[in-house]
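Architecture and fold: a report
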Amino acid sequence: MDISCEQAGQMTRLAALTLDSGESVHVLHPNQIVAFQGAPSLREDSFMKLSGMYRKKRMVQSRIHGPARFMLGLPDGYSLGTVEIKEDDDLLFEFRHVLFYTEGMSFRTHVQTVRNALMTRDLVKMRFQGPGTLGLLTSGPLYPVELDPEQPLYVDISCLVAYPQHVSLTPCVYGNTLASQNMNYHWEIKGSGTVLLQPCKPDKLLNEQMQNDSFMRRVLKEIIPFGGVFIK
């Protein structure tokens, strides 16, 4: 699989994925597919599992087979980051960031502690196992940061995209009194390995647009032909 991106300033505006024969990609936000080049039968849409519907606030996912080429448009303020996942990787991801993953990868859920679930408003994280490629939709470019086993790393809760399963994660604030009273909660991360960050805060307007639809309206948009066009 080949991925090429069109940049506008520091942001990726369009990503083109080229698949050879025998390659396949699962796209979890099919509405972002703005162009497709290949036999129409090479795109197969299917309903997500209920857990995926709840977390992605979408009903349908797409599976694209090669040989084909398709383009993904990215919302304003968002970038595409790709991560090569090995068979023994233990990174835990927020499912909402996942835009696509390649065929042959597996994933399973990791249940968070009640405290951490309340902080992130998400009960589970997803652990992907490769080999394969994971495409992530993030606010700004995706940045890897190496952990220091001796000194903890403090990361804004809204900016942490993925972290190793074996690290210690504690919600906290830091600094003097004024600093701790005026900052968002942070994760104090202790351990070794690499964490993935998005450098910008999520776009609240986009999140509101993604969340405002009622469940029934989302169902009708997905199951009625051209429902996304006629149902506003």
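Let us look at the structure shown here. (Residues numbered from 1 in each chain as written. Predicted model: local features only at pLDDT ≥ 70, side-chain atom pairs only at ≥ 80, totals over all residues. Heavy atoms only, no water.)

1. Remarks on the overall build of the protein
Of regular secondary structure, the protein possesses six helices and 19 strands. Here the protein, with 232 residues, has 44% of them falling under the buried criterion. For the protein, the exposed area adds up to about 12700 Å²; of that, 54% sits on carbon and sulfur atoms. (Helix = DSSP H or I, 4+ residues; strand = E, 2+ residues; numbered from the N terminus. Buried < 20%, exposed > 50% of the residue type's maximum accessible area, 1.4 Å probe, protein only. Areas by Shrake-Rupley, 256 points an atom, 1.4 Å probe, with all protein chains shown as cover.)

2. Here we look at the sheet that holds strand 8 (residues 79–85)
By way of backbone hydrogen bonds, the strands of a sheet pair with one another, either parallel or antiparallel. Ordered by their spatial adjacency, six strands build an open sheet running 5-6-3-10-13-8, and the pairing between neighbours is antiparallel. Each end of this open sheet is capped by a strand with a single partner; those strands are strand 5 (43–47) and strand 8. Taking the axes of each pair of neighbouring strands and ignoring which way they run, one obtains an average angle of 20° across the sheet. (Pairing = 2+ DSSP bridges. Axes fitted to C-alpha atoms, helices over the stretch in contact; angles between N-to-C directions.)

3. With respect to the sheet that holds strand 15 (residues 153–156)
Strand order across the open sheet formed by three strands is 15-18-17, with antiparallel pairing between neighbours. The open sheet has two edge strands, strand 15 and strand 17 (168–172), and neither has a second partner. Sheet twist, expressed as the average angle between the axes of neighbouring strands with direction ignored, equals 30°. Bridge analysis of strand 15 against strand 18 (residues 186–190) gives four bridges, and the strand direction is antiparallel. Within strand 18, the position partnered with valine 155 by the bridge is tryptophan 187.

4. Brief notes about the pattern of salt bridges
Enumeration over the complete set of coordinates arrives at five salt bridges. A salt bridge links aspartate 45 to arginine 43; its shortest N-O distance comes to 3.0 Å. Relative accessible area serves as the criterion here: at 42%, aspartate 45 is assigned to the partly exposed category. Ionic pairing is found between arginine 63 and glutamate 103, a salt bridge with its closest N-O pair at 2.8 Å. Of this pair, arginine 63 sits in strand 6 (residues 60–65) while glutamate 103 sits in the loop between strand 10 (98–102) and strand 11 (106–111), and the two are 40 residues apart along the sequence. When its relative accessible area of 27% is taken as the criterion, arginine 63 is described as partly exposed. Assessed through its relative accessible area of 35%, glutamate 103 is described here as partly exposed. Taken together, the salt bridges that share partners define one network made up of Glu94, Arg96 and Lys125. (Salt bridge = Lys/Arg side-chain N within 4 Å of Asp/Glu carboxyl O.)

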